[in-house]
Amino acid sequence: MVPSLLEVEALVGRTKHQWALDGGTAGALLGHILERNRSVLERYPDLVLPCVVRLGGWEEPLRDTIEAWCAQWRQQGRGAWLRSLRPPVLGLDAPVLAEFAVEHAKGRPWFSDDERLVGLRLPEHVAAWDRASGARVPDIRPPPQPQARYSIDQQKTSFGRLVLLDARSGRTLTLTPGPEDQLRRLAELPSGDVLAGGWFDDDDGVVLRLDPGTGTIRWRAETESSVDHLEPSTDGSRIFVHAGTHYILDGVTGRILAHLPNERGPAALSPSGHAMAALDGPILRVWDVTDPRSQERRQGRGTAGLVDARFSARGSLLLCGHTLCNGRSGEVIAVLPLESTGYLEGGPAPGCTEVLEDGVIEAQVFRGLSRWNARGEHQWSNPKRRYGLHSHCSLAFAPDGECYAVLDHRSPSIAVLRVDDGGVLRELKPATVKWGDRIAFSLDGARLAWCSRELEMVWDVASGECLGQRPVVGVDDGRRGFPHGWQGFREREHELSGRFQAGVFEVLGPGGADVLARIPCEEPLVASPDGTRWASRRNHFALEGH
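Everything quoted here is computed from the prediction, not taken from an experiment. (Residues numbered from 1 in each chain as written. Predicted model: local features only at pLDDT ≥ 70, side-chain atom pairs only at ≥ 80, totals over all residues. Heavy atoms only, no water.)

For this particular structure, what's the right way to read the pairing of strand S16 (residues 245-250)?
Each regular strand displays side chains that alternate between the two surfaces of the sheet. Here S16 lies mainly inside the structure; six of its six residues are buried. Burial of S16 is two-sided: the residues Thr245, Tyr247 and Leu249 facing one way and the residues His246, Ile248 and Asp250 facing the other way are all buried. Where strand S15 (residues 238-243) lies against S16, six bridges are found, and the strand directions are antiparallel. Opposite Arg238, over in S16, you have Asp250 as the bridge partner. Turn length for the S15-S16 hairpin, with the two strands adjacent in sequence and antiparallel, is one residue, and the turn residue Gly244 shows positive phi of about 80 degrees. As paired strands, S16 and strand S17 (residues 256-260) are joined by four bridges and run antiparallel to one another. (Buried < 20%, exposed > 50% of the residue type's maximum accessible area, 1.4 Å probe, protein only. Helix = DSSP H or I, 4+ residues; strand = E, 2+ residues; numbered from the N terminus. Pairing = 2+ DSSP bridges.)

Where do I start with the sheet that holds strand S19 (residues 275-280) in this structure?
Backbone hydrogen bonds hold the strands of a sheet together, and the pairing may be parallel or antiparallel. The strand order across the open sheet formed by four strands is S2-S20-S19-S18, and the pairing between neighbours is antiparallel. The outermost strands of the open sheet, each flanked by one partner alone, are strand S2 (96-101) and strand S18 (267-269). Sheet twist, expressed as the mean angle between neighbouring strand axes with direction ignored, is 15 degrees. Looking at chain direction, S18 and S19 are connected through three bridges and run antiparallel. Note that in S19 the partner of Ala267 across the bridge is Ala278. (Axes fitted to C-alpha atoms, helices over the stretch in contact; angles between N-to-C directions.)

Looking at this structure, I do not really get the nonpolar core. What am I missing?
Grouped burial of nonpolar side chains is what soluble globular proteins tend to show. Val40, Leu41, Val48, Leu49, Val52, Leu62 and Trp69 are the most contacted members of the largest nonpolar core, which has 27 residues in total. Looking at this core, the elements that each hand over two or more residues are helix H1 (5-10), helix H2 (16-36), helix H3 (38-43), helix H4 (48-56) and helix H5 (63-75). The leading source of residues in this core is H4, at six residues. Excluding residues within four positions of it along the chain, Val40 makes contact with Leu47, Cys51, Val504 and Pro520. (Core = buried A, V, L, I, M, F, W, Y, C linked by side-chain atoms within 4.5 Å. Contact = heavy atoms within 4.5 Å.)

Here it is, written out as structure tokens:
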């Protein structure tokens, strides 16, 4: 029988093996969740319920336990908590051993020689955690990097030609890979062979295992993108490759043992080659690659879409990247063909995407103004109304989708236009117009705000009357915000705020003094207009008990 919530919070240090013995299938799943979140639970034991719901809320064996724990939470008057509405990008079927919430979202992942510690190698020290307890340990002086025997002569290496410098003998070695291979990364194996990585053709990745003495190519492996980093296990049996996403190769044959498309940050292979640590924002994630899968299921966490998370004015719809969701339940409605950042130059205009109560509107670079309904069905596009960085414009759409504002940085005014036919409704005169100025409609669409680096102004949209001008007032975290609460301009209906630090997001009460709820996550959350839902590109939570 699974213990009560309070009992589990008092025993978060138990291992998953003990849980499997104590609680059958439900206990085994709970043990896995607690192991994976050991780092954050060591700091915040009261996050057991949110963590279990986030990872296990979609597991049938845990439903009775979760319902019982939710009832216990309410009966104990525990206050607010964040309940996940969306299945996790990396669920319990992913071979993730643990996730560490780190204070440094930089550096290269690192393992100690005995693999008891995992951490981030920084210029002056290694920030490390004990893998068994999840506790932060004192900073470690970084061990010296081993002296490499071979290096690439970058000036003489070119397509189809790899020139190595041998520090031991002083010789120069010239090797001949494929005619389209451009090799810029190098690693050495215990056997004396070298690994060379780079790209070929347009931007496909390539890894070669070479015998530097004879120039023999022992094997060749290809990846989806150019190779940025190579790292073998201590015995050379496995090769870690960072090529946009992460690969584990067989050191003898070059065969791809595992592809982890859901990790994109810097990573490192453990000395034994049985674990991999990858940095995902402020989350250091440890993967089990002892028995790697040939392919891990690709999850919906791509970079398409310019909006990380945005709710409609009444919170009924939510756009996360290019995925349109029900803003209340989290249900996925449709995946939309929205703009992305994949432009060599130019690109979409700032403010080009807006979520309406009845759909989405976006000013696209080539297709022009485009509209989708609340079911994700494309309604129309107008290629004659195209806006982008080349046209020096910033945009803002009214929440009802009836009009939009164009701030042309070559013009002294802001034009308010009808969406239907592009007719000009108003011309508003800001104090100055410079690149970087921003505009936004209020939640009810009745006000339009303009912010420069020094000034902010608010207009009544219906009459065009300027209601006020003042110096910019910064928000609590130092970012420039729009003048919420001034001259009738309101961005939201609540006075809650958020704080994101060391891999944990906190919902703060009015004034920012009280922490209402916490949740571990990879990225900051934005609130729905009423403050009851919080979301990011990969997460969607309901604030309950507030």
